[in-house]
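# Report on the structure
Chain residues, written in single-letter form:
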Amino acid sequence: MSEQDANQRFVQEATVEPEHIARARAHALELGAAPVSPAVGAQCAVLAAATAARSIIEVGTGAGVSGLWLMHGAPRAVLTTIDSEPEYLGAARQSFSAARVPATRTRFITGRAAEVLPRMNEGAYDIVLVDADPEGVIEYVEHGLRLVRPGGTVLVPRVLAGGAVADPVRRDAVTSAYRSLIQETQSSPAVIGALSLSGEGLLQLTTVNAEEAGNASAAGLLAGR
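Residues numbered from 1 in each chain as written. Predicted model: local features only at pLDDT ≥ 70, side-chain atom pairs only at ≥ 80, totals over all residues. Heavy atoms only, no water.

### Quick notes on the overall build of the protein
The helix and strand tally for the protein stands at 8 helices and 7 strands. By the compact-globule yardstick of 17 Å for 225 residues, the protein fits well, its C-alpha radius of gyration being 17 Å. C-alpha extents for the protein along the principal axes are approximately 45 × 45 × 30 Å. The buried share of the protein, taken over its 225 residues, is 50%. Looking at the protein alone, contacts between residues at least 24 apart form 68% of all its contacts between residues at least 6 apart. Taken as a whole, the protein presents about 10,600 Å² of accessible surface, with 51% of it coming from carbon and sulfur. (Helix = DSSP H or I, 4+ residues; strand = E, 2+ residues; numbered from the N terminus. Rg over C-alpha atoms; globule rule 2.2 N^0.38 Å. Buried < 20%, exposed > 50% of the residue type's maximum accessible area, 1.4 Å probe, protein only. Contact = heavy atoms within 4.5 Å. Areas by Shrake-Rupley, 256 points an atom, 1.4 Å probe, with all protein chains shown as cover.)

### Brief notes about the side chain of threonine 81
Within the fold, threonine 81 resides in strand E2 (residues 78-83). The buried category is assigned to threonine 81, whose relative accessible area is 1%. A distance of 2.5 Å separates a polar atom in the side chain of threonine 81 from a polar atom in the side chain of threonine 61. Every residue in contact with threonine 81, bar those within four places of it in the chain, is listed here: Glu58, Thr61, Leu89, Arg107, Phe108 and Ile109. (Polar contact = N/O pair within 3.5 Å; in protein donor to acceptor, adjacent residues only side chain to side chain.)

### Here we look at the layout of surface pockets
One number sums up the size of the largest pocket: a volume of about 400 Å³. If you go around the largest pocket, you meet 26 residues; those closest to its centre are Gly60, Gly62, Asp83, Asp131 and Ala132. Breaking the lining of the largest pocket down by element, the ones donating at least two residues are helix H4 (65-73) and E2. Among the residues making up the lining of the largest pocket, the classes are represented as 12 nonpolar, 8 polar and 6 charged. (1 Å grid on protein atoms, 1.4 Å probe; cavity = no way out; pocket = protein on both sides within 12 Å on 5 of 7 lines; lining within 4 Å. Points joined across faces, edges and corners; volume = space filled by probe spheres on them. Nonpolar A, V, L, I, M, F, W, Y, C, P; charged D, E, K, R; others polar.)

### Considerations on helix H8 (residues 173-186)
Each full turn of the α-helix corresponds to 3.6 residues, which orients residues three or four apart in the same direction. Between its terminal C-alpha atoms H8 stretches 20 Å, which fits the 20 Å expected from 14 residues at 1.5 Å a residue. Here H8 has its buried residues at Thr175, Ala177, Tyr178, Arg179, Leu181, Ile182 and Thr185. On its buried face, H8 sits against helix H7 (137-147), strand E5 (148-157), strand E6 (191-196) and strand E7 (202-207). (Expected span 1.5 Å × (residues − 1).)

### Re the environment of arginine 158
With respect to the helices and strands, arginine 158 occurs in the loop between E5 and H8. The spatial distance from the C-alpha of arginine 158 to the C-alpha of leucine 129 is 11 Å, given a sequence separation of 29 residues. A polar side-chain atom of arginine 158 sits 2.7 Å from a polar atom in the side chain of aspartate 131.

Following this line, the structure appears as structure tokens:
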């Protein structure tokens, strides 16, 4: 086992997942939904707590695992979660109810993210998590950067695509999209970006004020791709 594999395994085994999230994970796996790993979920919770998030959007509900992690870090936040699968949204409702998350703190929207996100209020959210339709990840991140307030954060799990992004031979559409997203955001003055190797990978993008970024637009970050 390589040092990196050993570290990954240690992080996964050392991460303690709250019982209500573990139950939601089991339900997600039964449905065939792929929840974020406990390590990535814990990172999302820390970021939500550190920013004292009060308004969060999640693109890709699954059975509620990532949403529960976010609310674990920011229990006073209101979470809007979007998914095109009614079955997943139904499972997430059950998970949130079982976790005793007040109904007033969750908003479930059934629909395609590409159609829903343009209707959301600009600059109104502290965190946007993008975990749906890898083919549309760049479009969703662009929307996310428009929707977060200055200093808000966009989170993209699975961004390493199971190791495919690091393989220069892989040039399929999904891998190329993730690779372009990482490269262009890391060099942009409109965001401060960090890439975590824990779990399946997590890209973290925090917007900066336009003046500080030389009037660069976070929302138009990838417009020239």
